[in-house]
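Structural description and commentary
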Amino acid sequence: MASPARPAPAPGLLSPSLADRRRSASSSSRLEGDLGGGELGQGNNLKSVDLNHVVKLLEETESSNTEEQLQALKKIIKRYEYGIPLKDLTQISHILNQCAEKCQLFHDFIEPTCEILKLYGLPFYKKKLSDEANYAKEVQESIAQLGYLMRVPCSQVRIQICKCVISFYHAEPPKKEFEVYQSISASYKRQMVELGGLAETLVLSLALVENQLSEKLWIIKTLQHLSISEANCKVMMKAQAPSRLCSHMNDADPSGQLLFRSSEILWNLLEKSSKEDIINQLSNLECVHALKEAFVNLLLHGSRHYDRQLRNDILVIATLVAQNTGAPMIETGFAKQLILFATFAEVKSHNPLVKGFKLTYCYEDFELKKLLFNMLAVLAKDLCSVQLLHDGKVILALYHYVKPNEKPGVLDWSAAQYEELQLHAIATLATVAPLLIEDYIMCQGNTRLLMFLEWCAGNDPFFGQGNSFHGTGGRGNKLAQMHYSLRVLNSVVSLCDDTVNLDLCDQGAINQLLGILKSTANNFKENDGAIVIEIQTDIFLTLSTLCENNLHRREIFGWEGVDTLIPFMKIDAKKFYSGLGHNRLLFSALDCLWCCIMGCTILEDYFLEKEGLFTLLDLLLLNQKHLCNLILGILVELCDNPKTVSHINTWRGKKDQTAANLLINLWRQEEEEMGVKHDKFGRIVDTKKPLAGQFQKQQQVIPMPATCPTIAVMEVAENMRAKIYCLICKLGFENLPGLSAKDFVTLAIIRRYLDFKVGEIWAEVCAELKKEKFRPVTPDQEALKVITETFENVGKMVVTLQNEMLESLQNQELREEEKSYTRIQALHKQKEMVNKSWKNFLARTSNYEALKKAKRLQEKSINDSRPKARQQNEIFHPTDIKGLNTTIASGRLVTVESTPSELTGGPLADTELALQRLPIRGGALKRIKGVKVMDSFKKDSVSVK
């Protein structure tokens, strides 16, 4: 984590806390008596020098000690020529500070100061593994002190500081390894730089070297290395690095490094810190003017590959700045010049800036052209630049690309480059055209767009490259061109300008769009799914805008439009979350249905005839929250057609669900989400506010003007209950099929929805009067009381009706339960009778006496059933067989005489064996004269004479 920004040192001081550090260093018990670099100096045959002694020696101000001080410094430099141990770094830092102070008085100390600074670029050493953590604070302060030394008015010292910091990012391996000490990785130094806030100090030091080019270049080069770290970028942002660098990027510099390195730092800041903060810092007059000067100079005078790349980089930064509407792009004249450069190749201009200027067809100039088109779209977001776009004839320049490439690759852009520029220009046109509608009409924008769309939908051979962002999904086809052309058309039509829309319809745009819609639906490929869906969505939205509130255009939409629209309403619900845009396509199709079909009786009848209403109810059955409200609105309007109600009642969903049941279920779900209180049977709990949800009850009454809608009124538009009420009113509250008792309980509430809503509004009126402490006159007060009681009685009446319904349901359930028990009893009785009959049968078969008894009872019963009186000459035929002891009634006896075998031939008559036997009279087969037996393969055919 970066340390907080440090205040800049006061003039004349190298560090705000230098004296404190000296005192702490001299009183430190840990560093007392420490012979600096004793171990590292072994083998050098140099006498050890006490670092504390050197510090005290440098504090003396007598000029006679200068030579001694310089000698001591040379020894220290020699001792640490391979690196500095962490434990000695604090004292070395104190010595460096003393030398820096003396540089201002004695030039002899400049060279030792630079040599000590070089030591910082050497590896740091540790004796213990814990030294990195233990000395982290000292190292951080020592490295941060390098930034404060930039106040030393010495060019050599400043440059050496920059070289030292740069070496942290290009560290060389240690020249010598020691047994006791271990070198520390370069990343440790870079981490200390981030924690010490060195980058912020270096940014602030730019103010000290405004007139010293070499020193300024070294500082900026150092900042370029520091800006590769995100932590350093955040610290640089605090020091206003973007504005400081940008405002001086055009200072005199023959080498050109200042502009290049400044832009490189800005790029790193954009990538690794807050883009919004950088844009805000650059959105001032001085920075925008600097960007303008740098871009124009490179564009007109830069000829090298390097100049073109740098020019494009600066244009990207300028584009980001232009996105801020507060940036003075117009005030500096930068916007006007950018528009001029963007259109000079397509529109003739006498401006001296572009006189004789020509773009080459290299990649950098191709990128420049795309960036300029993008800048036009960015500038169009600021309405103040509309006049500049008009003066620059931007619409005419962009329409230069709304045509097929007639001469690809002949001294011009290549086919792939032209396609990319074409798509970019059309995409820019979608943003600019609605702002310059008069220029659009003058350029015959409708005609040219429709002709281009006709080419896109045609079968002319074309092989799109699809290499760019705008060409996604258009490889090998014209879908990308069609996509962006339709987007332009949609953006222009959405203005609802009568002149533009009438011209489109007169040129047959509706039929042409329907034809494109059919072709995309029939020639659909999975690989082009996303772009095809976007094309279809834009077509539906365009048709909706054209046909809305215009009966004649709906008639042009016609039956063909209905046939085209209905299949799009049958999208599989599983595709809604595929990410390709099927949900937006369905929304646009429903919007097209509402705007292009509703209100035209002929089309409504044809829509009903094609079972379009059933499709709507199937969609409603999916219970998609975002769809239900829109579908219910369409159904309410469609119910104005007298044929609609019969279709709604005819529809059946899953498990034979009716439309009335579906609507009541939606009502219950909506109230459950709103938190409307009902008991477990669905009855009203609060008779005063039977429709109020949890949110509505929590809102306090606020006195408002009569023109402002209250909470109860706004709630009508926020949920589906009002639409469901209107639909059921159209269907009628009586004889609705497929409803359960619970549905009837809910239906009682729906039937009184309007009364309950009026009661809520009257309750709000009374609450507002009470809140304002306003008492109506006595007649009005009595009228309010009567109204309030009346609506409360309506709620109580509905509760009573619901109770009666539930009681009726309970009684019906009891009757059904009794019937069920009666059927169960009958079944049990039948089983008992069957068991008793079975037992009697077993008794007759196992006990002969029981059989005779049963026989006697049977005969007696038969005799008793016969009539006693007989007529004279009457013949009685007995039906029973005497002496037969069975209780089964005897039936008729039939004697059947079988056919003699001589006639049938016996059981083997049809077999092959029978054909081989000799003819025996009375045998299996007789050979008859006149019958000839054929060969084996003609057995089935015989000839009879």
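Regarding its fold elements, the protein chain presents 44 helices and 3 strands. Counting the 945 residues in the protein chain, one finds 45% classified as buried. Within the protein chain, counting contacts between residues at least 6 apart in sequence, those at least 24 apart form 75% of the total. Of the roughly 51,700 Å² of accessible surface on the protein chain, 53% is carried by carbon and sulfur atoms.

We now examine the packing of aromatic side chains. Counted under the stated rule, the structure contains 15 aromatic pairs. Taking the centre distance of 5.3 Å and the plane angle of 50 degrees together, the rings of F344 and F357 count as tilted. Placement of F344 in the loop between α18 (334–343) and α19 (363–379) and of F357 in the loop between α18 and α19 is noted, with a sequence separation of 13 residues between them. Among the residues examined, F344 registers a relative accessible area of 15% and is labelled buried. Residue F357 is classed as buried on the basis of its relative accessible area, which comes to 17%. Seen from their ring centres, W559 and Y606 are 5.3 Å apart, and the 20 degrees between their planes marks the pair as stacked. Here W559 is found in helix α29 (residues 551–565), whereas its partner Y606 is found in helix α31 (residues 601–609), with 47 residues between them in sequence. On the basis of relative accessibility, which here comes to 13%, the residue Y606 falls in the buried class.

Here we take up a nonpolar patch on the surface. A surface patch of nonpolar side chains, amounting to about 430 Å² of accessible area, comprises V713, L754, V758, I761, W762 and V765. No other element matches the 5 residues that helix α40 (residues 753–771) contributes to the nonpolar patch. Along the chain, W762 falls in helix α40. Take W762: its relative accessible area is 33%, and that puts it in the partly exposed class.

Bringing the sheet that holds strand β3 (residues 182–183) into the picture now. Spatial strand order, β1-β2-β3: 3 strands in an open sheet with mixed pairing. The open sheet is flanked by β1 (84–85) and β3, the only strands paired with a single partner. Sheet topology places strand β2 (residues 124–126) next to β3; 2 bridges connect them, and they run antiparallel. Residue pairing across strands places Y125 opposite S183, the latter belonging to β3.

Time to look at helix α12 (residues 230–238). Among the residues making up α12, those that are buried are N232, C233, V235, M236 and M237. The elements touched by buried residues of α12 are α9 (186–196), α10 (198–204), α11 (213–226), α13 (241–247), α14 (257–272) and α15 (275–282). Following α12 by one or two positions, Q240 adopts a phi angle in the positive range, close to 60 degrees.

The next point concerns the environment of K238. Its place among the elements puts K238 in helix α12. C-alpha of K238 to C-alpha of V203: the two residues are 35 residues apart in sequence and 9.7 Å apart in space.

A few words on the pattern of salt bridges. A complete count under the given rule lists 31 salt bridges for this structure. Close ionic contact of K87 with D88 constitutes a salt bridge, the shortest N to O distance being 3.4 Å. Take K87 and D88: they sit in the same class, and that class is buried. When the shortest N-O distance is used, the salt bridge between R158 and E215 registers 2.8 Å. With R158 in helix α8 (residues 155–167) and E215 in helix α11, the pair connects residues that are 57 residues apart, well separated along the chain.

For C496, which is not glycine, the phi torsion reads 60 degrees and is therefore positive. The residue C496 is located in the loop between α25 (479–493) and α26 (498–506) in this model.

Here S142 lies in helix α7 (residues 136–148). The exposure class of S142 is buried, given its relative accessible area of 3%. Within the structure, S142 has its side chain in polar contact with the backbone oxygen of E138 (distance 2.9 Å). Not counting residues within four places of it along the chain, the set of residues in contact with S142 comprises L89, T90, S93 and Y120.

Two elements in contact, α19 and helix α22 (residues 415–432), have axes separated by 9 Å at closest approach and are oriented at 10 degrees. One way to sum up the angle between α19 and α22 is to call them roughly parallel. Residues F366, K369, K370, F373, N374, L376 and A377 of α19 form the contact with α22, whose own contacting residues are Q417, E420, L421, H424, A425, T428, T431 and V432.

Residues spaced three or four apart along an α-helix face the same direction, because each turn holds 3.6 residues. Of the positions making up helix α38 (residues 721–731), those classed as buried are R721, A722, I724, Y725, L727, I728 and L731. Within two residues after α38, G732 carries a phi angle of roughly 95 degrees, on the positive side.

Before going further, it helps to spend a moment on the nonpolar core. Within soluble globular proteins, side chains that are nonpolar generally end up buried alongside one another. The biggest cluster of nonpolar side chains holds 241 residues, and the ones touching the most others in it are I95, L146, F295, L590, L593 and L620. In contact with L620, not counting residues within four places along its chain, are C628, I631, L632, L635, L662, L663 and L666.

A few words on the environment of N623. Considering the arrangement of structural elements, one finds N623 in the loop between α32 (612–621) and α33 (625–638). With 43 residues separating them in the primary sequence, N623 and L666 have C-alpha atoms 8.0 Å apart. N623 has contacts with C628, L666 and Q669, leaving out every residue within four places of it along the chain. A polar atom in the side chain of N623 sits 2.7 Å from the side chain of Q669.

Right, let's talk about the packing of α14 against helix α17 (residues 305–322) for a bit. The N-to-C vectors of α14 and α17 enclose an angle of 45 degrees; their axes lie 11 Å apart at closest approach. With respect to their mutual orientation, α14 and α17 come out oblique. Pair α14 / α17 crosses with left-handed handedness. Every residue of α17 that contacts α14 at L259, F260, S263, L266, W267 and L270 is listed here: Y306, L310, D313, I314, V316, I317 and L320.

On the surface, E813, E816, E817 and E818 cluster together into a negatively charged patch. Residue placement: E816 occurs in helix α41 (residues 778–846). With a relative accessible area of 44%, E816 lands in the partly exposed category.

The next subject is the state of the cysteines. Overall, the coordinates contain 0 disulfides when judged by the stated rule. The thiol of C505 is unpaired, and the distance to the nearest cysteine sulfur, on C547, comes to 6.7 Å. What makes C505 buried here is its relative accessible area of 12%.

With that out of the way, let us pick up the confidence of the model for the protein chain. Mean pLDDT over the protein chain: 83, with 84% of residues reaching 70 or higher. The least confident element of the protein chain, judged by mean pLDDT, is helix α1 (residues 18–26) at 38; the most confident is helix α21 (residues 394–398) at 95. Counting contacts from residues 1–48, a segment whose pLDDT is below 50, to residues more than four positions away or on other chains yields 80 contacts. Within the model, the stretch residues 913–945 combines pLDDT values under 50 with 24 contacts to residues more than four positions away or in other chains.

Definitions and limits used
- Numbers given for residues are sequential positions, taken from 1 along each chain in its written order.
- This being a predicted model, a pLDDT of at least 70 is required before a residue's local features are given, and a value of 80 or more before pairs of side-chain atoms are given or counted; all residues contribute to the totals for chains, interfaces and linings.
- The side-chain figures draw on all heavy atoms in the structure; neither hydrogens nor water molecules are used.
- The helix and strand labels rest on DSSP assignments: H or I over at least four residues marks a helix, E over at least two residues marks a strand, and numbering proceeds from the N terminus.
- Each residue is assigned to one of three classes by its accessible area relative to the maximum for its type, calculated with a 1.4 Å probe on protein chains only: buried under 20%, partly exposed between the two thresholds, exposed over 50%.
- Contacts are assigned to residue pairs with any non-hydrogen atoms lying within 4.5 Å of each other.
- All accessible areas in this document rest on Shrake-Rupley with a 1.4 Å probe, and a residue is counted as covered only by the protein chains that are shown.
- Aromatic rings from Phe, Tyr and Trp, with only the six-membered ring used for Trp, were paired whenever their centres fell within 6.5 Å, and each pair was classed as stacked if the ring planes differed by under 30 degrees, edge-to-face if by over 60, and tilted otherwise.
- A patch consists of residues whose relative accessible area exceeds 30% and which take part in no salt bridge; residues with like charges are grouped when within 9 Å of each other, and nonpolar side chains (Val, Leu, Ile, Met, Phe, Trp, Tyr) when within 5 Å.
- Should a side-chain nitrogen of Lys or Arg be within 4 Å of a carboxyl oxygen of Asp or Glu, the pair is scored as a salt bridge.
- A strand pair is defined by DSSP finding two or more bridges across the two strands.
- Whenever a nitrogen or oxygen atom comes within 3.5 Å of another N or O atom, the pair is scored as a polar contact, on the condition that within protein one atom can donate a hydrogen and the other can accept it, and that pairs from neighbouring residues in sequence are kept only if both atoms are in side chains.
- Axis definition: a line fitted to C-alpha atoms, over the contacting stretch in the case of helices. Angles run 0 to 180 degrees between N-to-C directions.
- Working definition: roughly parallel below 35 degrees, roughly antiparallel above 145 degrees, roughly perpendicular at 65 to 115 degrees, and oblique for all remaining angles.
- Buried Ala, Val, Leu, Ile, Met, Phe, Trp, Tyr and Cys residues form a nonpolar core when they are joined through side-chain atoms within 4.5 Å.
- Whether a crossing is left-handed or right-handed is set by the direction in which the near helix is turned from the far one by less than a right angle, anticlockwise for left-handed and clockwise for right-handed.
- Neither His nor the chain termini are counted; the positive set is Lys and Arg, and the negative set is Asp and Glu.
- To locate a charge, take atom NZ for lysine, CZ for arginine, CG for aspartate or CD for glutamate.
- Criterion for a disulfide: a pair of cysteine sulfur atoms at a distance within 2.5 Å.
- Confidence of the predictor in every single residue is expressed as pLDDT, which spans 0 to 100.

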